[in-house]
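Geometric and topological summary
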Amino acid sequence: MNLVISWNQSLSLPEKFSAIETWMRNKEASAQLITDQLLNVHSLGALVLLIFVIGILTGIGEEALFRGLFQKLLWEKTDNKHTAIWIGAIIFSAVHFQFFGFIPRMLLGAFFGYLLVWSGNIWLPITAHFFNNSITIVFRYIENQGYELSYFEKLGTIENGTWDIAVYSLILFILCSYTLYKYLQKKSLRI
């Protein structure tokens, strides 16, 4: 994901759209400032509170809305689960108004969507969303305690020289996702 994030952040629009790009980058900077302020926690109590609010409540709320409601409605309207998943993922990413994180967030939304379709259970994407958000919070908390973790943000990127890790990670992700898919399909046949 770091490679996709790095690539998405480096995108630039043609010169005739420079005003739009400036607006987009300003929105991105504003969102990053809010995120930095929110995650500037130094106590264990604040960490637990953030995990509750951003990990648990946001995971439940966003998954119930985007996968439980929007994706379900889109699937009923289009009669195509893939179309429903990808349109839902695009909407999920768009409403965050972070344009230079659009593609990685869309991919994450699609993954959550497939988790719901494969399992038939909203709690699987909620749990995945919880872990995704909570890991970010915990990493930021650890950094706020004085430990250097910025290496992990560049792991698997071209500028870090470890892009090959991104390739291995993608292969591992595909294998794990396929295994999960097969497991959930087999489990649903037994029910």
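Let us look at the structure shown here.

What counts as what
- Residues numbered from 1 in each chain as written.
- Predicted model: local features only at pLDDT ≥ 70, side-chain atom pairs only at ≥ 80, totals over all residues.
- Heavy atoms only, no water.
- Helix = DSSP H or I, 4+ residues; strand = E, 2+ residues; numbered from the N terminus.
- Contact = heavy atoms within 4.5 Å.
- Areas by Shrake-Rupley, 256 points an atom, 1.4 Å probe, with all protein chains shown as cover.
- Salt bridge = Lys/Arg side-chain N within 4 Å of Asp/Glu carboxyl O.
- Buried < 20%, exposed > 50% of the residue type's maximum accessible area, 1.4 Å probe, protein only.
- Core = buried A, V, L, I, M, F, W, Y, C linked by side-chain atoms within 4.5 Å.
- Expected span 1.5 Å × (residues − 1).
- Arc of directions from axis to C-beta.
- Polar contact = N/O pair within 3.5 Å; in protein donor to acceptor, adjacent residues only side chain to side chain.

Attention now goes to the overall build of the protein chain. Scanning the protein chain from terminus to terminus reveals eight helices and zero strands. Secondary structure elements of the protein chain, listed N to C terminal, follow the sequence α-α-α-α-α-α-α-α. Taking all contacts inside the protein chain whose residues are at least 6 apart in sequence as the whole, residues at least 24 apart take part in 63%. Of the roughly 12100 Å² that the protein chain leaves accessible, carbon and sulfur atoms contribute 69%.

Next up on the list: the pattern of salt bridges. Inspection of the entire model under this criterion finds four salt bridges. Salt-bridge contacts for D36 lead to R140; the nearest nitrogen and oxygen are separated by 3.0 Å. Of this pair, D36 sits in helix α2 (residues 18–38) while R140 sits in helix α6 (residues 123–144), placing them 104 residues apart in sequence. You can call D36 partly exposed: its relative accessible area is 31%. For R67, the salt bridge identified is with E63, shortest N-O distance 2.8 Å. Here R67 pairs with E63, and both are found in helix α3 (residues 44–78), just four residues apart, close to one helical turn. Taken together, the salt bridges that share partners define one network made up of D36, R140 and E143.

Here is a general trend for soluble globular proteins: nonpolar side chains tend to be buried in one another's company. Grouped together as the largest cluster of nonpolar side chains are 10 residues: I85, A89, M106, A110, F112, Y114, L115, V117, W118 and L184. Where this core is concerned, the elements lending two or more residues are α4 (81–94) and α5 (102–119). The contact partners of L184, leaving out residues within four places of it in the chain, are W118, S119 and L124. Formed by eight residues, the second largest nonpolar core is a distinct cluster that contains L39, V41, I137 and Y141.

Turning our eyes to something else, we now look at α6. Between its first and last C-alpha atoms α6 spans 31 Å; for 22 residues at 1.5 Å apiece the expected length is 32 Å, and the two agree. Along α6, the residues that are buried comprise P125, I126, H129, N133, S134, I137, R140 and Y141. Buried residues of α6 fall within an arc of 155° about the axis and therefore sit on the same side.

Residue placement: H129 occurs in helix α6. Only 3.0 Å separates the side chain of H129 from the side chain of E62, close enough to count as a polar contact. Residues contacting H129, with those up to four places away along its chain left out, are T58, G59, E62, E63, F92 and F112.

All right, on to unusual backbone geometry then. Located in the positive-phi region is D79, a residue other than glycine, with phi close to 60°. Among the structural elements, D79 can be located in the loop between α3 and α4.

Glancing now at the environment of S10. With respect to the element layout, S10 can be found in the loop between α1 (2–9) and α2. S10 sits in the exposed class, given a relative accessible area of 53%. With 90 residues separating them in the primary sequence, S10 and F100 have C-alpha atoms 7.8 Å apart.

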